[in-house]
Amino acid sequence: MIQIYSEREFELIRQAAQIIPRAFEMIEPAVVPGITTGEINRLIDQFIRDHGAEPSFIGVPGNQGVAPFPAACCISVNEEVVHGLPGKRVLREGDVVGIDVGTRRDGYYGDSARTFAVGVCAPEALKLMEVTRQALQAGISAAVPGHRIGDIGHAVQQVVDAHGYGIVREMVGHGVGAALHEPPEVPNYGRPGVGLLLKPGMCLALEPMINIGKGAIKVQPDGWTVVTADGSLSVHFEHQIQITENEPQILTEI
Ligand code: MG
Ligand code: MG
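Procedures and definitions
Residues numbered from 1 in each chain as written. Chains lettered and ligands numbered in written order. Predicted model: local features only at pLDDT ≥ 70, side-chain atom pairs only at ≥ 80, totals over all residues. Heavy atoms only, no water. Salt bridge = Lys/Arg side-chain N within 4 Å of Asp/Glu carboxyl O. Helix = DSSP H or I, 4+ residues; strand = E, 2+ residues; numbered from the N terminus. Buried < 20%, exposed > 50% of the residue type's maximum accessible area, 1.4 Å probe, protein only. Pairing = 2+ DSSP bridges. Core = buried A, V, L, I, M, F, W, Y, C linked by side-chain atoms within 4.5 Å. Contact = heavy atoms within 4.5 Å. Donors = N, O, S within 2.8 Å, 3.2 Å for Na, K, Ca; no water. Phe/Tyr/Trp six-rings, centres within 6.5 Å; stacked < 30°, edge-to-face > 60°. Lys NZ or Arg CZ within 6 Å of the ring centre and 35° of its normal. Lys, Arg positive; Asp, Glu negative; His and termini not counted. Polar contact = N/O pair within 3.5 Å; in protein donor to acceptor, adjacent residues only side chain to side chain. Axes fitted to C-alpha atoms, helices over the stretch in contact; angles between N-to-C directions.

A. Fine view of the pattern of salt bridges. Applying the stated rule across the entire model yields six salt bridges. For Arg8, the salt bridge identified is with Glu11, shortest N-O distance 3.0 Å. Pair noted here: Arg8 and Glu11 are both in helix H1 (residues 7-17), with a separation of three residues, about one helical turn. For Glu11, a relative accessible area of 40% puts it in the partly exposed group. Between Arg133 and Glu130 there is a salt bridge, with its nearest N and O atoms 3.1 Å apart. Pair noted here: Arg133 and Glu130 are both in helix H4 (residues 123-141), with a separation of three residues, about one helical turn.

Here you go:
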């Protein structure tokens, strides 16, 4: 069942979603060599609570035999793709660090991710970040009524393929609004004109996960952290959007 949200509901979704870009603005100056991922998590967790919301990732069930997710953010460094566990890891000059944040406020959910450069990064890393941002933007531009889910994936894929990077195909974007993860799935690849028809009132999280090498992934023994199978660098950007009669609205941008 694909949710169609009313304007009133979008007001509530937007209030949950808007906390996340503000949390990123708050944390950006702190994402420097020497900080731990655990400290970044602590600061964002507090920021979310200070803004009348709850961190929605805490308690998300793991795969069989894996404890629920323990933190407010997924923090994924370098070859880590997504779902990294914050902890004692100290960030170093040249790292790229993906921070994925979920909020819940008044029963509605926000979800957004951004990758930050720690100090001075290699040009290849900065280019991967820039291309992934462009790919996300292309996907957002394709999210208009009359298009289909495959048009979004195709738009993302065209940008990524032009640079020879690897698309993580096993993980996808999703509906989000009254729950953190709702149908439909939103792959970062696809064919134009294929899949679910997009309609005003849909709320989607688009989230390309792009590797400098191949797109294959594996899960670390902690049961959460997803890494590139070839050890290459990975970058993740995510926006939550509202499909309207006209241009899509980005809910996780200030
Ligand atoms: Mg997310
Ligand atoms: Mg998401």
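There's plenty left to go through after this.
B. Structural context of the sheet that holds strand S6 (residues 166-167). Sheet architecture is open: three strands sit in the order S6-S10-S13, paired in antiparallel fashion. Each having just a single partner strand, S6 and strand S13 (234-236) make up the two edges of the open sheet.

C. Expanded view of the nonpolar core. Grouped together as the largest cluster of nonpolar side chains are 29 residues, with contacts concentrated most on Ile152, Val160, Leu198, Leu204, Leu206 and Ile241. Those elements giving two or more residues to this core turn out to be H4, helix H5 (149-161) and strand S9 (203-206). No other element matches H4, which puts seven residues into this core. Apart from the residues within four sequence positions on either side, Leu198 is in contact with Ala142, Ala143, Val144, Pro145, Gly146, His147, Arg148, Ile149, Ile152, Leu204 and Ile243. Counting residues in hydrophobic clusters, the runner-up holds 22 residues, among them Ile44, Ala72, Val101 and Val118.

D. Inspection of the coordination of the magnesium ion (ligand 1) at higher detail. Protein coordination at the magnesium ion (ligand 1) comes from Asp100 (OD), Asp100 (OD), Asp111 (OD) and Glu238 (OE), with a distance range of 2.0 to 2.6 Å. On the primary sequence, the residues serving as donors to the magnesium ion (ligand 1) are separated as D-x10-D-x126-E. The distance between the magnesium ion (ligand 1) and the magnesium ion (ligand 2) comes to 3.2 Å, and Asp111 binds to both of them. Separated by eleven residues along the polypeptide, Asp100 in strand S4 (residues 96-105) and Asp111 in strand S5 (residues 108-117) bring together distant segments of the chain.

E. Here's a closer look at the packing of aromatic side chains. Using the criterion set out here, one finds three aromatic pairs in the structure. The interplanar angle of 75° and the centroid separation of 5.9 Å between the aromatic rings of Tyr5 and Phe10 together place this pair among those described as edge-to-face. In this structure, Tyr5 and Phe10 share a single accessibility class: buried. Between Phe69 and Trp224, the aromatic rings sit 5.1 Å apart at their centres with planes inclined by 85°, giving edge-to-face as the arrangement. Here Trp224 lies in the loop between strand S11 (217-219) and strand S12 (226-228) and Phe69 lies in the loop between strand S1 (54-55) and strand S2 (73-77), a separation of 155 residues in the sequence. Of the residues examined, Trp224 reaches a relative accessible area of 11% and is grouped as buried. One cation-aromatic arrangement involves Arg169 over Tyr189; the distance from NZ or CZ to the ring centre is 4.1 Å.

F. Geometry of the side chain of Asp151. Structurally, Asp151 can be placed in helix H5. No salt bridge is formed by the buried Asp151. Its closest oppositely charged neighbour is Arg148, at 6.2 Å. Within the local environment of Asp151, its side chain forms a polar contact with the backbone nitrogen of Gly193, the two atoms lying 3.2 Å apart. The residues touching Asp151, leaving out its near neighbours within four places in the chain, are Ala142, Arg191, Pro192 and Gly193.

G. View of the side chain of Gln18. Relative to the helices and strands, Gln18 resides in the loop between H1 and helix H2 (19-27). Residue classification places Gln18 among the buried residues on the basis of a relative accessible area of 17%. Within the structure, Gln18 has its side chain in polar contact with the side chain of Arg22 (distance 2.8 Å). A distance of 2.6 Å separates a polar side-chain atom of Gln18 from the backbone oxygen of Glu253. Apart from residues no more than four positions distant in its own chain, Gln18 is found in contact with Leu251, Glu253 and Ile254.

H. Quick look at the sheet that holds strand S14 (residues 239-242). Spatial strand order, S8-S7-S9-S14-S15: five strands in an open sheet with antiparallel pairing. The strands lining the two open edges of the sheet, one partner per strand, are strand S8 (182-186) and strand S15 (249-250). Helix-sheet contacts for H1 involve S9 and S14, and the interaxial angle to S14 is about 165°. Each of S8 and S9 is contacted by H5, which is oriented at about 40° to S8, the strand it contacts most.

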